[in-house]
Amino acid sequence: MTTISCTVDLIEALTPTVNRVLLTPAQPVSFSSGQYLQLCLSDSDKRPFSIASMPGQRQLELHIGGSVADQYASQALAHLLQQHQLQQPVQAEIGLGNAQWRADSERPLILLAGGTGFSYVYSIAQTIAAANLDRPVFVYWGVREQAALYHNSVMQQWAAQNSKYRFIPVVQQPDDSWQGRSGMVHEAVLEDFVSLEAYDIYVAGPFAMAGVVRNAFIEQGAHREHMFADAFAYI
Ligand SMILES: Cc1cc2nc3c(=O)[nH]c(=O)nc-3n(C[C@H](O)[C@H](O)[C@H](O)COP(=O)(O)OP(=O)(O)OC[C@H]3O[C@@H](n4cnc5c(N)ncnc54)[C@H](O)[C@@H]3O)c2cc1C
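Each value, and the rule that gives it
Residues numbered from 1 in each chain as written. Predicted model: local features only at pLDDT ≥ 70, side-chain atom pairs only at ≥ 80, totals over all residues. Heavy atoms only, no water. Pairing = 2+ DSSP bridges. Helix = DSSP H or I, 4+ residues; strand = E, 2+ residues; numbered from the N terminus. Contact = heavy atoms within 4.5 Å. Axes fitted to C-alpha atoms, helices over the stretch in contact; angles between N-to-C directions. Domains from an automatic or database assignment. Buried area = accessible area lost by both parts, 1.4 Å probe. Salt bridge = Lys/Arg side-chain N within 4 Å of Asp/Glu carboxyl O. Polar contact = N/O pair within 3.5 Å; in protein donor to acceptor, adjacent residues only side chain to side chain. Nonpolar A, V, L, I, M, F, W, Y, C, P; charged D, E, K, R; others polar. Buried < 20%, exposed > 50% of the residue type's maximum accessible area, 1.4 Å probe, protein only. Near = heavy atom within 4 Å. Areas by Shrake-Rupley, 256 points an atom, 1.4 Å probe, with all protein chains shown as cover.

Here's the deal with the sheet that holds strand β12 (residues 227-228)
The parallel open sheet is built from six strands, whose spatial order is β10-β9-β8-β7-β11-β12. On the outer flanks of this sheet lie β10 (181-182) and β12, each paired with one strand and no other. Note that strand β8 (residues 137-143) and strand β9 (residues 165-171) share seven bridges and pair parallel. Directly across from Val143, in β9, lies its bridge partner Val171. Contacts from helix α3 (residues 152-160) reach β8 and β9 within the one sheet, and its direction differs from that of β9 by about 155°. The strands touched by helix α4 (residues 185-192) within the sheet are β7 (109-114), β8, β9 and β10, with β8 carrying the most contacts at an inclination of about 145°.

A word on the domain arrangement of the protein
Its domain assignment divides the protein into domain 1 (2-96) and domain 2 (109-233). Using only C-alpha atoms to locate each centre, domain 1 and domain 2 end up separated by 23 Å. On the domain 2 side, the residues contacting the 18 residues of domain 1 number 16 residues. Both sides of the domain 1 and domain 2 interface together cover about 1,300 Å² of buried area, and 58% of this is carbon and sulfur. Its largest share of buried area at the contact with domain 2, domain 1 owes to Gly34, Met54 and His63, together 34% of the area lost on that side. Viewed at the interface, domain 2 and domain 1 are joined by zero salt bridges. Where domain 1 packs against domain 2, one counts ten residue pairs in polar contact (both at pLDDT 80 or more). Taken together, the residues of the side of domain 1 that touches domain 2 break down into seven nonpolar, ten polar and one charged.

Examining the environment of Glu187
In this fold, Glu187 is placed in helix α4. A relative accessible area of 38% means that Glu187 is categorised as partly exposed. In this structure, the C-alpha to C-alpha distance between Glu187 and Val213, residues 26 residues apart in sequence, is 9.0 Å.

A word on the site of the ligand
Around the ligand sit 28 residues, and of these His63, Gly65, Ser67, Arg144 and Gln172 come closest. At 3.0 Å from an oxygen atom of the ligand is found a main-chain nitrogen or oxygen belonging to Thr116. Considered on its own, the ligand offers 980 Å² of accessible surface; in the complex 85% of this is hidden by protein. Those elements that place two or more of their residues in the shell around the ligand are β4 (46-50), β5 (60-65), β8, α4 and α5 (207-219). Counting residues per element, the shell around the ligand draws most heavily on α5, which supplies four residues. Split by residue class, the shell around the ligand holds 14 nonpolar, 13 polar and one charged. Summarising the domain contributions, the shell around the ligand has at least three residues from each of domain 1 (2-96) and domain 2 (109-233).

In C-alpha coordinates:
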(Lines give C-alpha, C1' and ligand atoms only; values in the text may rest on other atoms or scores of the structure.)
Protein backbone atom coordinates (compact mmCIF):
# COMPACT_ATOMS: atom_id res chain seq x y z
CA MET A 1 0.00 0.00 0.00
CA THR A 2 1.32 3.44 -0.99
CA THR A 3 -0.03 6.86 -0.02
CA ILE A 4 0.27 9.26 -2.87
CA SER A 5 -0.74 12.76 -3.92
CA CYS A 6 -2.98 12.94 -6.94
CA THR A 7 -4.25 15.87 -8.97
CA VAL A 8 -7.97 15.84 -9.69
CA ASP A 9 -8.18 16.14 -13.47
CA LEU A 10 -11.87 15.56 -14.13
CA ILE A 11 -15.20 15.14 -12.37
CA GLU A 12 -18.12 14.45 -14.70
CA ALA A 13 -21.62 13.11 -14.22
CA LEU A 14 -22.31 9.60 -15.55
CA THR A 15 -25.84 9.59 -14.13
CA PRO A 16 -27.63 12.07 -11.82
CA THR A 17 -26.06 10.26 -8.82
CA VAL A 18 -22.84 8.70 -10.18
CA ASN A 19 -19.72 10.66 -11.15
CA ARG A 20 -16.62 9.68 -13.04
CA VAL A 21 -13.40 11.01 -11.52
CA LEU A 22 -9.95 11.01 -13.08
CA LEU A 23 -6.88 11.39 -10.86
CA THR A 24 -3.24 11.64 -11.90
CA PRO A 25 -0.80 10.35 -9.28
CA ALA A 26 2.34 12.41 -8.66
CA GLN A 27 4.43 9.29 -9.35
CA PRO A 28 3.62 6.07 -11.20
CA VAL A 29 1.67 3.74 -8.91
CA SER A 30 1.47 0.00 -8.70
CA PHE A 31 -1.83 -1.81 -8.25
CA SER A 32 -3.61 -4.86 -9.62
CA SER A 33 -6.79 -4.90 -11.63
CA GLY A 34 -9.72 -5.15 -9.20
CA GLN A 35 -7.99 -3.42 -6.30
CA TYR A 36 -9.28 -0.27 -4.65
CA LEU A 37 -7.89 2.96 -3.25
CA GLN A 38 -8.83 4.85 -0.12
CA LEU A 39 -9.48 8.52 -0.63
CA CYS A 40 -8.22 10.37 2.45
CA LEU A 41 -10.76 13.02 3.42
CA SER A 42 -8.76 13.47 6.64
CA ASP A 43 -6.28 11.37 8.67
CA SER A 44 -9.16 9.46 10.20
CA ASP A 45 -11.71 9.50 7.36
CA LYS A 46 -10.64 7.27 4.47
CA ARG A 47 -13.17 5.94 1.98
CA PRO A 48 -12.65 2.97 -0.34
CA PHE A 49 -13.38 3.28 -4.06
CA SER A 50 -12.63 0.62 -6.65
CA ILE A 51 -10.17 1.63 -9.36
CA ALA A 52 -11.94 1.37 -12.72
CA SER A 53 -8.80 1.83 -14.79
CA MET A 54 -6.21 -0.80 -15.66
CA PRO A 55 -2.71 -1.01 -14.20
CA GLY A 56 -0.32 0.89 -16.45
CA GLN A 57 -2.80 3.61 -17.38
CA ARG A 58 -1.57 7.09 -16.43
CA GLN A 59 -4.81 8.19 -14.78
CA LEU A 60 -6.79 6.48 -12.04
CA GLU A 61 -10.50 6.35 -12.88
CA LEU A 62 -13.16 6.16 -10.17
CA HIS A 63 -16.96 5.82 -10.38
CA ILE A 64 -18.39 7.48 -7.29
CA GLY A 65 -22.03 7.34 -6.25
CA GLY A 66 -24.91 4.94 -6.17
CA SER A 67 -28.57 4.58 -6.92
CA VAL A 68 -29.42 7.17 -4.29
CA ALA A 69 -27.42 10.23 -3.26
CA ASP A 70 -25.69 9.44 0.04
CA GLN A 71 -23.06 11.04 2.22
CA TYR A 72 -20.47 8.35 1.59
CA ALA A 73 -20.20 9.50 -2.01
CA SER A 74 -21.30 13.14 -1.74
CA GLN A 75 -18.72 14.00 0.93
CA ALA A 76 -15.96 12.32 -1.09
CA LEU A 77 -17.07 14.24 -4.18
CA ALA A 78 -17.24 17.53 -2.29
CA HIS A 79 -13.64 16.96 -1.17
CA LEU A 80 -12.51 16.14 -4.71
CA LEU A 81 -14.31 19.16 -6.13
CA GLN A 82 -12.87 21.50 -3.54
CA GLN A 83 -9.29 20.32 -4.15
CA HIS A 84 -9.86 20.52 -7.91
CA GLN A 85 -11.05 24.12 -7.64
CA LEU A 86 -8.15 25.05 -5.35
CA GLN A 87 -5.78 23.19 -7.70
CA GLN A 88 -4.56 21.22 -4.70
CA PRO A 89 -3.86 17.47 -4.69
CA VAL A 90 -5.84 14.82 -2.83
CA GLN A 91 -4.21 11.99 -0.87
CA ALA A 92 -5.01 8.38 -1.67
CA GLU A 93 -3.83 5.01 -0.37
CA ILE A 94 -3.44 2.80 -3.41
CA GLY A 95 -3.18 -0.92 -4.02
CA LEU A 96 -5.65 -2.22 -1.43
CA GLY A 97 -7.79 -5.33 -1.37
CA ASN A 98 -7.49 -9.05 -1.95
CA ALA A 99 -10.13 -9.57 -4.63
CA GLN A 100 -7.87 -8.62 -7.50
CA TRP A 101 -7.78 -10.39 -10.86
CA ARG A 102 -6.02 -13.78 -10.80
CA ALA A 103 -4.34 -14.25 -14.17
CA ASP A 104 -3.03 -17.74 -13.35
CA SER A 105 -6.40 -19.56 -13.29
CA GLU A 106 -7.73 -21.51 -16.28
CA ARG A 107 -11.33 -21.50 -15.12
CA PRO A 108 -14.19 -19.73 -16.89
CA LEU A 109 -15.27 -16.50 -15.27
CA ILE A 110 -18.31 -14.73 -13.91
CA LEU A 111 -17.86 -11.03 -13.09
CA LEU A 112 -20.82 -9.75 -11.08
CA ALA A 113 -21.45 -6.07 -10.35
CA GLY A 114 -24.24 -4.38 -8.41
CA GLY A 115 -24.53 -0.63 -9.11
CA THR A 116 -21.17 1.16 -8.85
CA GLY A 117 -19.56 -2.19 -8.09
CA PHE A 118 -19.25 -1.97 -11.86
CA SER A 119 -16.04 0.04 -11.41
CA TYR A 120 -14.28 -3.08 -10.08
CA VAL A 121 -15.66 -5.33 -12.79
CA TYR A 122 -14.77 -2.83 -15.51
CA SER A 123 -11.09 -2.83 -14.55
CA ILE A 124 -10.96 -6.62 -14.69
CA ALA A 125 -12.96 -6.84 -17.93
CA GLN A 126 -10.59 -4.39 -19.62
CA THR A 127 -7.54 -6.33 -18.40
CA ILE A 128 -9.02 -9.58 -19.72
CA ALA A 129 -9.64 -8.04 -23.15
CA ALA A 130 -6.20 -6.39 -23.27
CA ALA A 131 -4.62 -9.79 -22.56
CA ASN A 132 -6.76 -11.33 -25.30
CA LEU A 133 -7.90 -13.95 -22.83
CA ASP A 134 -9.68 -16.69 -24.70
CA ARG A 135 -11.86 -18.12 -21.92
CA PRO A 136 -15.61 -17.79 -21.36
CA VAL A 137 -16.26 -14.55 -19.45
CA PHE A 138 -19.78 -13.60 -18.31
CA VAL A 139 -20.20 -10.04 -17.05
CA TYR A 140 -23.45 -9.40 -15.16
CA TRP A 141 -24.29 -5.83 -14.16
CA GLY A 142 -27.34 -5.25 -11.96
CA VAL A 143 -28.86 -1.81 -11.49
CA ARG A 144 -32.15 -0.53 -10.12
CA GLU A 145 -33.12 1.45 -13.23
CA GLN A 146 -31.80 1.21 -16.77
CA ALA A 147 -30.55 4.83 -16.70
CA ALA A 148 -27.90 3.61 -14.23
CA LEU A 149 -26.25 1.46 -16.95
CA TYR A 150 -23.86 4.28 -17.75
CA HIS A 151 -21.39 2.05 -19.64
CA ASN A 152 -23.92 -0.17 -21.39
CA SER A 153 -22.67 0.56 -24.92
CA VAL A 154 -19.01 0.32 -23.84
CA MET A 155 -19.71 -3.15 -22.47
CA GLN A 156 -21.70 -4.20 -25.55
CA GLN A 157 -18.59 -3.32 -27.58
CA TRP A 158 -16.40 -5.19 -25.12
CA ALA A 159 -18.53 -8.32 -25.61
CA ALA A 160 -18.39 -7.92 -29.40
CA GLN A 161 -14.57 -8.31 -29.34
CA ASN A 162 -14.60 -12.02 -28.55
CA SER A 163 -17.33 -14.61 -29.05
CA LYS A 164 -16.49 -16.02 -25.59
CA TYR A 165 -17.34 -12.75 -23.84
CA ARG A 166 -20.92 -12.07 -22.75
CA PHE A 167 -22.43 -8.95 -21.18
CA ILE A 168 -25.74 -9.32 -19.37
CA PRO A 169 -27.26 -6.13 -17.91
CA VAL A 170 -30.04 -6.80 -15.39
CA VAL A 171 -32.50 -4.08 -14.39
CA GLN A 172 -34.33 -4.47 -11.10
CA GLN A 173 -37.24 -2.11 -11.86
CA PRO A 174 -37.37 -1.74 -15.66
CA ASP A 175 -39.80 0.47 -17.54
CA ASP A 176 -41.75 -0.71 -20.59
CA SER A 177 -38.94 0.15 -23.01
CA TRP A 178 -36.51 -2.37 -21.45
CA GLN A 179 -35.98 -5.46 -23.60
CA GLY A 180 -33.37 -7.22 -21.45
CA ARG A 181 -33.21 -9.18 -18.20
CA SER A 182 -34.96 -7.93 -15.11
CA GLY A 183 -34.94 -8.64 -11.37
CA MET A 184 -32.01 -8.98 -9.00
CA VAL A 185 -28.71 -9.59 -10.70
CA HIS A 186 -27.69 -12.65 -8.65
CA GLU A 187 -31.02 -14.30 -9.54
CA ALA A 188 -30.15 -13.96 -13.23
CA VAL A 189 -26.90 -15.84 -12.60
CA LEU A 190 -28.69 -18.55 -10.63
CA GLU A 191 -31.15 -18.97 -13.53
CA ASP A 192 -28.40 -19.17 -16.16
CA PHE A 193 -26.05 -21.69 -14.51
CA VAL A 194 -27.25 -25.06 -13.28
CA SER A 195 -23.99 -25.35 -11.34
CA LEU A 196 -21.40 -22.69 -10.52
CA GLU A 197 -18.78 -25.27 -9.58
CA ALA A 198 -16.47 -24.69 -12.55
CA TYR A 199 -16.30 -20.90 -12.28
CA ASP A 200 -14.08 -18.22 -10.82
CA ILE A 201 -16.50 -15.56 -9.55
CA TYR A 202 -15.61 -11.92 -8.93
CA VAL A 203 -18.18 -9.79 -7.07
CA ALA A 204 -18.58 -6.11 -6.15
CA GLY A 205 -21.59 -4.07 -5.08
CA PRO A 206 -23.67 -3.27 -2.01
CA PHE A 207 -22.74 -5.32 1.08
CA ALA A 208 -26.25 -6.76 1.24
CA MET A 209 -25.86 -8.09 -2.30
CA ALA A 210 -22.44 -9.57 -1.53
CA GLY A 211 -23.87 -11.49 1.42
CA VAL A 212 -26.77 -12.88 -0.57
CA VAL A 213 -24.45 -13.82 -3.45
CA ARG A 214 -21.99 -15.64 -1.22
CA ASN A 215 -24.65 -17.85 0.32
CA ALA A 216 -26.77 -18.46 -2.77
CA PHE A 217 -23.83 -19.17 -5.09
CA ILE A 218 -22.19 -21.62 -2.69
CA GLU A 219 -25.54 -23.41 -2.47
CA GLN A 220 -25.46 -23.63 -6.28
CA GLY A 221 -22.02 -25.28 -6.30
CA ALA A 222 -19.58 -22.33 -6.26
CA HIS A 223 -16.36 -22.92 -4.31
CA ARG A 224 -15.73 -20.27 -1.67
CA GLU A 225 -12.02 -20.26 -2.55
CA HIS A 226 -12.92 -19.38 -6.16
CA MET A 227 -15.08 -16.43 -5.13
CA PHE A 228 -13.46 -13.01 -4.79
CA ALA A 229 -15.02 -9.91 -3.23
CA ASP A 230 -13.52 -7.33 -0.88
CA ALA A 231 -17.01 -6.85 0.57
CA PHE A 232 -16.70 -10.35 2.12
CA ALA A 233 -14.17 -8.89 4.57
CA TYR A 234 -16.77 -6.37 5.78
CA ILE A 235 -19.82 -8.62 6.23
C1 LIG B 1 -13.80 -2.13 -1.14
C2 LIG B 1 -14.94 -1.18 -1.47
C3 LIG B 1 -14.98 -0.56 -2.70
C4 LIG B 1 -16.00 0.35 -2.99
N5 LIG B 1 -15.97 0.96 -4.19
C6 LIG B 1 -16.90 1.90 -4.46
C7 LIG B 1 -16.86 2.60 -5.70
O8 LIG B 1 -15.99 2.37 -6.56
N9 LIG B 1 -17.79 3.57 -5.90
C10 LIG B 1 -18.75 3.86 -4.96
O11 LIG B 1 -19.53 4.78 -5.19
N12 LIG B 1 -18.82 3.19 -3.81
C13 LIG B 1 -17.94 2.21 -3.53
N14 LIG B 1 -18.02 1.52 -2.35
C15 LIG B 1 -19.15 1.77 -1.42
C16 LIG B 1 -20.39 0.85 -1.68
O17 LIG B 1 -19.99 -0.46 -1.93
C18 LIG B 1 -21.20 1.38 -2.84
O19 LIG B 1 -21.62 2.67 -2.48
C20 LIG B 1 -22.40 0.54 -3.17
O21 LIG B 1 -21.98 -0.67 -3.75
C22 LIG B 1 -23.30 1.29 -4.13
O23 LIG B 1 -24.35 0.50 -4.49
P24 LIG B 1 -25.45 1.04 -5.50
O25 LIG B 1 -26.30 2.07 -4.83
O26 LIG B 1 -24.74 1.46 -6.74
O27 LIG B 1 -26.26 -0.28 -5.79
P28 LIG B 1 -27.84 -0.51 -5.74
O29 LIG B 1 -28.48 0.36 -6.76
O30 LIG B 1 -28.34 -0.42 -4.33
O31 LIG B 1 -27.96 -2.02 -6.19
C32 LIG B 1 -27.59 -2.43 -7.50
C33 LIG B 1 -28.05 -3.84 -7.70
O34 LIG B 1 -27.40 -4.70 -6.74
C35 LIG B 1 -28.30 -5.75 -6.38
N36 LIG B 1 -28.66 -5.66 -4.96
C37 LIG B 1 -28.74 -4.53 -4.19
N38 LIG B 1 -29.14 -4.85 -2.95
C39 LIG B 1 -29.34 -6.20 -2.94
C40 LIG B 1 -29.77 -7.13 -1.93
N41 LIG B 1 -30.10 -6.74 -0.70
N42 LIG B 1 -29.86 -8.44 -2.29
C43 LIG B 1 -29.54 -8.87 -3.53
N44 LIG B 1 -29.13 -8.01 -4.50
C45 LIG B 1 -29.04 -6.71 -4.21
C46 LIG B 1 -29.56 -5.59 -7.23
O47 LIG B 1 -29.45 -6.35 -8.40
C48 LIG B 1 -29.53 -4.09 -7.51
O49 LIG B 1 -30.27 -3.73 -8.68
C50 LIG B 1 -17.01 0.62 -2.04
C51 LIG B 1 -16.98 -0.03 -0.80
C52 LIG B 1 -15.95 -0.90 -0.51
C53 LIG B 1 -15.93 -1.56 0.84
